[in-house]
Amino acid sequence: GQQVMQIPQYQHVQEGEDFTTYCNSSTTLSNIQWYKQRPGGHPVFLIQLVKSGEVKKQKRLTFQFGEAKKNSSLHITATQTTDVGTYFCAGRDNYGQNFVFGPGTRLSVLP
Amino acid sequence: DTGVSQDPRHKITKRGQNVTFRCDPISEHNRLYWYRQTLGQGPEFLTYFQNEAQLEKSRLLSDRFSAERPKGSFSTLEIQRTEQGDSAMYLCASSFGQNNEKLFFGSGTQLSVL
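Conventions adopted
- Residues numbered from 1 in each chain as written.
- Chains lettered and ligands numbered in written order.
- Predicted model: local features only at pLDDT ≥ 70, side-chain atom pairs only at ≥ 80, totals over all residues.
- Heavy atoms only, no water.
- Helix = DSSP H or I, 4+ residues; strand = E, 2+ residues; numbered from the N terminus.
- Rg over C-alpha atoms; globule rule 2.2 N^0.38 Å.
- Buried < 20%, exposed > 50% of the residue type's maximum accessible area, 1.4 Å probe, protein only.
- Contact = heavy atoms within 4.5 Å.
- Lys, Arg positive; Asp, Glu negative; His and termini not counted.
- Charge placed at Lys NZ, Arg CZ, Asp CG, Glu CD.
- Pairing = 2+ DSSP bridges.
- Polar contact = N/O pair within 3.5 Å; in protein donor to acceptor, adjacent residues only side chain to side chain.

Describing the overall build of chain B
Broken down by element type, chain B carries 0 helices and 11 strands. Element order for chain B, N to C, with α for helix and β for strand: β-β-β-β-β-β-β-β-β-β-β. For a compact globule of 114 residues, the expected C-alpha radius of gyration is about 13 Å, and chain B comes in at 13 Å, within 12% of that figure. Once the C-alpha set of chain B is aligned to its principal axes, its extents read approximately 40 × 30 × 25 Å. For chain B, the residues scored as buried account for 45% of the 114 residues in total. Long-range pairs, those at least 24 residues apart, make up 54% of the contacts in chain B between residues at least 6 apart in sequence. Charge centroids of chain B, computed over 14 positive and 13 negative side chains, lie 4 Å from each other.

Some words on the pairing of strand S7 (residues 61-65) of chain A
Residue and element names in this part refer to chain A. With 4 of 5 residues buried, S7 is to be regarded as a mostly interior element. Sheet analysis places strand S6 (residues 55-58) next to S7, joined by 4 bridges and oriented antiparallel. When the bridges of S7 are listed, Gln-58 appears paired with Leu-61. Between S6 and S7, which pair antiparallel in sequence order, lie 2 residues; one of them, Lys-59, sits at a positive phi of approximately 55°. Sheet analysis places S7 next to strand S8 (residues 71-76), joined by 5 bridges and oriented antiparallel. Within S8, the residue paired with Thr-62 across the bridge is His-75. Hairpin geometry of S7 and S8 is characterised by an intervening segment of 5 residues between the two adjacent antiparallel strands and by a positive phi of about 55° at Lys-69.

Topic: the environment of Gln2(A)
Residue and element names in this part refer to chain A. In this fold, Gln-2 is placed in the segment before strand S1 (4-7). With relative accessibility at 17%, the residue Gln-2 sits in the buried group. Along the sequence, Gln-2 and Ser-25 sit 23 residues apart, while their C-alpha atoms lie 7.2 Å from each other. The residues contacting Gln-2, other than those within four sequence positions of it, are Ser-25, Ser-26, Thr-27, Leu-29, Gly-91, Arg-92, Asp-93 and Val-100. Looking at Gln-2, its side chain comes within polar contact range of the main-chain oxygen of Gly-91, at 3.5 Å.

So far we have only geometry, and geometry alone does not tell us how the molecule works.
Here you go:
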């Protein structure tokens, strides 16, 4: 079955430093989504990428979908303490209807 | 509050007991998902409804788990003969549409099996 992996598992950064998390799928995806889960909270939708090579930006966050539609990345520029949380990618392949989530990258930002 | 609501927020039960959780999706959403999440892991897909039809169920899901969505509105997830390994956060999510679908999650039901 479809598997989604993320690296790194944890990332500790100093406030102001950049952060990147990478997502890889075992199968080609029809689309990929990113979610953020704050400690004690539930996943909250950030963005969806559909096209091969697509790049989208939300303020300090940059999302990219790979050319082969099997990988994606999330980059945060100049992290802030409000960026703390776990970032999940979730992929849907061409056959299934459900979204398969990666294990997440937990981001800690030291002030 | 017009978001996804789940009840109860917490459930403590003894091994072998049956439990039932409820999810009320956002009213205009036709799709409803159940996920399970353990500490430090991503949400694990359990099952999915479009309106009242259960269209997909995880092959990893035990026969002790069953879900319903009568009339395509709220949904219930029942776990029979609970085991300690069932302890987890059970998340419900709803969505509308297919091509630009985004999942809206509820706050979840935290199950502890003693």
